[in-house]
Structure formats: C-alpha cells, structure tokens
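Take a look at the letters that make up each chain.
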Amino acid sequence: AAMTIAEAYDAAQEWSGLAEVKGRVAAEFINLYPPGVPLAVPGERLTEEFLGELDYYGQCGLKIQGVENGCIKVVRQRTADGYEKEKEKDKDKH
C-alpha cells in the first residue's frame, strides 16, 4: 500500500475521473456489491489491473460502491514543491 488507511482518510481528497486514476491512491473503499468484496482500500495505489476489473464488473452490470458518475475519490496529489493543498476533505460529490 502507498499509505495506511488512516493516512488516506486524513489526507486531502478529491474526485477524479476513471481515465485519470491510474497510479493515484484510493481515498475510500471501492467494493463490489453484493457481496461487499473490497476491490480497493484507502491507501492502495490504483493499477491498470484494478481499472480492468472495474470495467469488467461494470460490463457485467454489477454494482460498484465508491464509483460515482465515473469518478473515484483519491488522495489529492502533492504539488511539485511538495506543498499539499488544504487538508479539508472534499464534501461535494462529482
């Protein structure tokens, strides 16, 4: 994992489109529901394999919790100088 679950929850977060999340860090659980199996946990780096699974499950018509309007909540990236924007969590849904 790129960071612990607690670190991911406490980090600044933002919504990002599925096309832009490869290599980013999940900020929330992403579950296949039912049965509620986690596909990604907070702090986990999102991979191409993960995105392929999401696409497959979506094509099968399965519900995926944590994906809304084609977006996933991820940990906000740091700027080039290492400064992270405010640590408030984004409360608006994309």
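Placed above this text is the structure.
Criteria and thresholds
Residues numbered from 1 in each chain as written. Predicted model: local features only at pLDDT ≥ 70, side-chain atom pairs only at ≥ 80, totals over all residues. Heavy atoms only, no water. Helix = DSSP H or I, 4+ residues; strand = E, 2+ residues; numbered from the N terminus. Buried < 20%, exposed > 50% of the residue type's maximum accessible area, 1.4 Å probe, protein only. Pairing = 2+ DSSP bridges. Axes fitted to C-alpha atoms, helices over the stretch in contact; angles between N-to-C directions. Contact = heavy atoms within 4.5 Å. Core = buried A, V, L, I, M, F, W, Y, C linked by side-chain atoms within 4.5 Å.

Looking now at unusual backbone geometry. Along the chain, Tyr-33 connects to Pro-34 via a cis peptide bond; the corresponding omega equals -10°. When you line up the elements, Pro-34 lands in the loop between strand S2 (30-33) and strand S3 (37-40). Even without being a glycine, Asn-69 presents a positive backbone phi close to 55°. Tracing the sequence through the fold places Asn-69 in the loop between strand S5 (67-68) and strand S6 (71-75). Judged by its relative accessible area of 68%, Asn-69 falls in the exposed class.

Here the focus is the sheet that holds S3. Ordered by their spatial adjacency, three strands build an open sheet running S3-S2-S4, and the pairing between neighbours is antiparallel. Edge positions in the sheet fall to S3 and strand S4 (63-65), since each of these pairs with one other strand and no more. Across the sheet, the mean angle separating the axes of adjacent strands is 35° when strand polarity is ignored. Bridging between S2 and S3 involves three bridges; their strand directions are antiparallel. Residue pairing in the sheet places Asn-31 in a bridge with Pro-38 of S3. Packed on one face of the sheet, helix H2 (residues 48-59) meets S2, S3 and S4 and runs near 130° to S3.

Take the nonpolar core next. By size, the foremost hydrophobic cluster in this structure holds 13 residues, and its most contacted members are Ile-30, Leu-46, Phe-50, Leu-54 and Ile-72. Every element with two or more residues in this core is listed here: S2, S3, H2 and S6. Ranked by residue count, the leading element in this core is H2, at three residues. Aside from chain neighbours lying at most four places away, what touches Ile-72 is Glu-14, Trp-15, Ser-16, Leu-18, Val-21, Ile-30, Leu-46, Phe-50, Leu-54, Gly-66 and Val-67. Counting residues in each nonpolar core, the second largest holds five residues, with Ala-11, Val-25, Ala-27 and Val-75 among its members.

Strand order in the open sheet formed by three strands is S1-S6-S5, with antiparallel pairing between adjacent strands. Two strands in the sheet have a free side with no partner beyond their single neighbour: strand S1 (13-17) and S5. With two bridges joining them, S5 and S6 adopt antiparallel strand pairing. Along S6, the bridge assignment pairs Glu-68 with Cys-71.

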